[in-house]
Amino acid sequence: MSDPKRIKNALISVFHKDSLDGILKKLNDADVTFFSTGGTKEFIESLGYPCTSVEDLTGYPSILGGRVKTLHPKIFGGILSRRENESDRQQTAQYDIPDIDLVIVDLYPFRETLASDAGEEEIIEKIDIGGISLIRAAAKNFKDVIIIASKDQYTPLDNLLSENGAISTLEERKWFAKEAFAVSSSYDTAIFNYFDAGESSYFRFAEENAKILRYGENPHQKGIFYGDFEALFEQLQGKEISYNNLLDIEAAVSLISEFDELTFAVLKHNNACGIASRSTVKDAWKAALAADPVSAFGGILICNTPIDKESAEEINKIFFEVIIAPDYDTVALEILMQKKNRIILIQKNNPQAKLQFRSLLNGVLAQDKDLSIQTAADLKTATRKAPESDEINDLLFANKLVKHTKSNAIVLAKNKQLCASGTGQTSRVDALKQAIGKAKSFGFNLKGAVLASDAFFPFPDCVEIAGNEGITAVIQPGGSIKDNLSIEYCDTHNMAMMMTGIRHFKH
């Protein structure tokens, strides 16, 4: 056992007292002396254990409405004193400062208060001073002190006491210190972001939930997900979710959130290979699958309506990795659960993040999430011919889809069904040719279809190719210095073009 240290005195001041009674019993059985304040002191004494108040230890009452209770040399001296430093030992003896070997503390609920839409005065009062100071002091002196900074560390402490009694190793104390600094840094990040008020003057992000994945994008890469997946989804069955699954799930929920009417989508490598809006889940599924039944193999399925028995029977005919829906009929679930490795998710909530960021070079690149989507009222008719009402519906459908397709992107759609898309091409012409070839390979007649582009056409070549295939309407952001060339071609060939004024690059 490396540098074992016995707990003789413990300072305890917490809001969360659940599961604390077992820890207190073990400490009391080991003849540990308790120091505490307020409600925690009353709780300890209610269990029949003696407890000395912090006020009695310091000789000072709690002052300034409770803002100052533990900020005193007799507290911090007892925590920070180096047990093997002779000068420290002399000073603690001179001022009658007891060693404090264990600190159990938690912090005012700043995030929770912020989320409750409280006023500024109440929010500021929930910025913890004493607790955060105790955490930093005890964690800094981990060579001599154990710090428990959150109820999440109650169980590890309880296990330590059960296995070793009131004795800890240096490695254990250092681990608790690491956990404590994670708590304090996360807390300070929340406070900074409140004061920063969205100005992004500094990049600060903290997430307390870390899940080790089987591997990253490839087996030789380490992968970790930082976030609370269970807050958004309930996993009903299936294997452990992978790094690539998470990327696809993010893409799927972002895409389906654009649609109010019943819609089913199939995704592969973060792009939709099939999507359709229909009046029933079964019809939406069959139309989505028809767009690319080859790529659908091993894909991610998502629907914004509960899955029923009839649709489950059809879905069950193919191999897929993940299915996401707001709910499942009992019989539908029985059918889908026949393959045990299938990941079946209920989506409980939509992600609320408005900021995207990624590591880049020697820093971080951050931007607002693209939450802009256009309605009929946002469209501007650029050509002499205006699209028909059905074409407008298809154009809006395709524009939602191209927003979530890797650039350069072209989407071809008809009757609220994806015919094909060209994704991630270095040339917009190549993206269009890819989409046309794919649509034809799966038997789609593009006469009367519409085209959506994620960015403007620098030349009229794309609308010319589209027109030759029978495509009758185009939606694009506009903004090229040569927009007039594409418009003139459409006018000459009886095509309609709508401009949105909003580019939707996705890289």
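So, a few notes on the structure that sits alongside this text. Each chain carries its own residue numbering, running from 1 in the written order of its sequence. At least 70 in pLDDT is required for a residue's local features to be given in this predicted model, at least 80 for side-chain atom pairs to be given and counted, and no such filter applies to totals for whole chains, interfaces and linings, which use all residues. Side-chain measures were taken over the full set of non-hydrogen atoms in the model, leaving aside hydrogen atoms and water.

### Things to note about the sheet that holds strand β6 (residues 146-148)
Part 1 of the reasoning: Read from one edge to the other, the open sheet built from 5 strands follows the order β4-β3-β2-β5-β6, with strand pairing classed as parallel. Every other strand in the sheet has two partners, leaving β4 (52-53) and β6 as the edge strands with one partner each.
Part 2 of the reasoning: Here strand β3 (residues 33-36) pairs with β4 via 2 bridges, running parallel. Each residue of the ladder has a partner; that of F35, found in β4, is T52. Think of it this way: DSSP has to see at least two bridges between two strands before they count as a pair. Secondary structure counts use DSSP, requiring at least four H or I residues in a row for a helix and at least two E residues in a row for a strand, with both numbered from the N terminus.

### Quick notes on the nonpolar core
Part 1 of the reasoning: To qualify as a nonpolar core, a set must consist of buried Ala, Val, Leu, Ile, Met, Phe, Trp, Tyr and Cys residues joined through side-chain atoms within 4.5 Å. Accessibility here uses a 1.4 Å probe with only protein chains present; expressed as a share of the type maximum, an area under 20% marks a residue as buried, one over 50% as exposed, and anything in between as partly exposed. Of all hydrophobic cores here, the largest spans 40 residues; its most connected members are I249, L255, L267, I275, I302, I324 and L345.
Part 2 of the reasoning: Here this core gets 7 residues from one element, more than from any other, and that element is helix α11 (residues 243-256).
Part 3 of the reasoning: Contacts of I249, omitting those with residues within four sequence positions, involve F229, F233, I241, V322, I324 and L345.
Part 4 of the reasoning: If you look at the next biggest cluster of nonpolar residues, it comprises 31 residues, including V54, A138, A180 and A190. Any pair of residues with heavy atoms lying within 4.5 Å of one another is described as a contacting pair.

### Overview of the side chain of S407
Part 1 of the reasoning: When you line up the elements, S407 lands in the loop between α15 (389-403) and β19 (410-413).
Part 2 of the reasoning: Pairs of N or O atoms are called polar contacts if they sit within 3.5 Å, as long as, within protein, a hydrogen donor faces a hydrogen acceptor (for residues adjacent in sequence, only side-chain-to-side-chain pairs). Side-chain polar atoms of S407 contact the side chain of D454, separated by 2.4 Å.
Part 3 of the reasoning: Those residues in contact with S407 that lie beyond four places of it in its chain are G424, Q425, D454, H504, F505, K506 and H507.

### With respect to the packing of helix α1 (residues 20-29) against helix α9 (residues 154-164)
Part 1 of the reasoning: Lines are fitted to the C-alpha atoms to define the axes, a helix being fitted only along its stretch in contact, and any angle between axes, read from their N-to-C directions, falls within 0 to 180 degrees. The interhelical angle for the contact between α1 and α9, taken along N-to-C directions, is 30°, at an axis separation of 10 Å. Between α1 and α9, the angle is such that the two are roughly parallel. Like other packed secondary-structure pairs, α1 and α9 cross with a definite hand, here left-handed. Of the residues in α9, those in contact with L20, G22, I23, K26 and L27 of α1 are Y154, L157, D158, L161 and S162.
Part 2 of the reasoning: In the scheme used here, Gly and all other residues not listed as nonpolar or charged are polar, with Ala, Val, Leu, Ile, Met, Phe, Trp, Tyr, Cys and Pro taken as nonpolar and Asp, Glu, Lys and Arg as charged. Class assignment for the residues of the contact of α1 with α9 results in 6 nonpolar, 2 polar and 2 charged. Should an angle fall under 35 degrees it is taken as roughly parallel, and over 145 as roughly antiparallel, whereas 65 to 115 is taken as roughly perpendicular and any remaining angle as oblique. Whether a crossing is left-handed or right-handed is set by the direction in which the near helix is turned from the far one by less than a right angle, anticlockwise for left-handed and clockwise for right-handed.

### Observations regarding a negative patch on the surface
Part 1 of the reasoning: Where like charges cluster on the molecular surface, the negative patch consists of E234, E310, D327 and D329.
Part 2 of the reasoning: Within the element layout of this structure, E310 appears in helix α13 (residues 309-315).
Part 3 of the reasoning: Taking the relative accessible area as the measure of exposure, E310 reaches 41% and is therefore partly exposed. Residues with no salt bridge and a relative accessible area higher than 30% make up the patches, which join like charges within 9 Å and nonpolar side chains (Val, Leu, Ile, Met, Phe, Trp, Tyr) within 5 Å. Computed with the Shrake-Rupley method and a 1.4 Å probe, the accessible areas treat only the protein chains shown as cover for residues. Put simply, a salt bridge is a Lys or Arg side-chain nitrogen that is within 4 Å of an Asp or Glu carboxyl oxygen. Just so you know, the count uses Lys and Arg for positive and Asp and Glu for negative, and it drops His and the chain ends. The atoms used to mark charge sites are NZ of Lys, CZ of Arg, CG of Asp and CD of Glu.

### Focus on the sheet that holds strand β23 (residues 496-499)
Part 1 of the reasoning: One open sheet holds the 6 strands; their spatial order is β18-β23-β22-β21-β19-β20, and the pairing between them is mixed. For this open sheet the edge positions go to β18 (380-381) and β20 (418-422), each flanked by a neighbour on one side alone.
Part 2 of the reasoning: With 3 bridges connecting them, strand β21 (residues 450-453) and strand β22 (residues 473-476) associate as parallel partners. Along β22, the bridge assignment pairs L451 with V474.
Part 3 of the reasoning: Packed onto the sheet, helix α16 (residues 428-441) meets β19, β20 and β21 and runs at close to 145° relative to β20.
Part 4 of the reasoning: Helix α18 (residues 483-492) contacts β22 and β23 of the sheet and is inclined by roughly 145° relative to β23.

### Describing unusual backbone geometry
Part 1 of the reasoning: Following S407, the chain continues into N408 via a peptide bond in cis, with omega recorded as -10°.
Part 2 of the reasoning: Position of N408 relative to the elements: it lies in the loop between α15 and β19.
Part 3 of the reasoning: The phi dihedral of D31 falls on the positive side, at around 65°, and the residue is not glycine.
Part 4 of the reasoning: Assignment of secondary structure puts D31 in the loop between α1 and β3.
Part 5 of the reasoning: Using a relative accessible area of 67% as the deciding quantity, one classes D31 as exposed.
Part 6 of the reasoning: Even without being a glycine, K416 presents a positive backbone phi close to 55°.
Part 7 of the reasoning: Relative to the assigned elements, K416 resides in the loop between β19 and β20.

### Observations regarding the environment of F264
Part 1 of the reasoning: Turning to its location among the elements, F264 is positioned in strand β11 (residues 263-268).
Part 2 of the reasoning: With relative accessibility at 0%, the residue F264 sits in the buried group.
Part 3 of the reasoning: With 96 residues separating them along the chain, F264 and S168 place their C-alpha atoms 55 Å apart.
Part 4 of the reasoning: The contact partners of F264, leaving out residues within four places of it in the chain, are G274, I275, A276, V281, A284, W285, A288, L301, I302, C303, I307 and I315.

### So, the environment of N494
Part 1 of the reasoning: Tracing the backbone through its elements, the reader meets N494 in the loop between α18 and β23.
Part 2 of the reasoning: Sequence spacing of N494 and G467 is 27 residues, and the spatial spacing of their C-alpha atoms is 9.0 Å.

### Re α1
Part 1 of the reasoning: Buried within α1 we find L20, I23, L24 and L27. Projected onto a plane normal to the axis of α1, the buried residues spread over an arc of 100° and lie on a single side.
Part 2 of the reasoning: Buried positions along α1 lie against β2 (9-13), β3, α2 (38-46), β5 (102-105) and α9.
Part 3 of the reasoning: D31 occupies a position one or two residues after α1 and carries a positive phi of about 65°. Throughout, the arc means that of the directions going from the helix axis to the C-beta atoms.

### Quick look at the pattern of salt bridges
Part 1 of the reasoning: Within the structure shown, the criterion is met by 21 salt bridges.
Part 2 of the reasoning: Of the charged contacts, one joins R173 and D3 as a salt bridge, the two residues approaching to 3.3 Å between their closest N and O atoms. Residue R173 is found in helix α10 (residues 170-196), and its partner D3 is found in the segment before β1 (5-6); the two are separated by 170 residues along the sequence.
Part 3 of the reasoning: Since its relative accessible area comes to 1%, R173 is described here as buried.
Part 4 of the reasoning: Of the charged contacts in the structure, one is a salt bridge between K5 and D144, with a shortest N-O distance of 2.5 Å. A residue pair is termed long-range when its members are at least 10 positions apart, and K5 in strand β1 and D144 in the loop between α8 (130-140) and β6 qualify at 139 residues. Each of the two residues, K5 as well as D144, counts as buried.
Part 5 of the reasoning: One connected set of salt bridges, linked through shared partners, spans D3, K5, D144 and R173.

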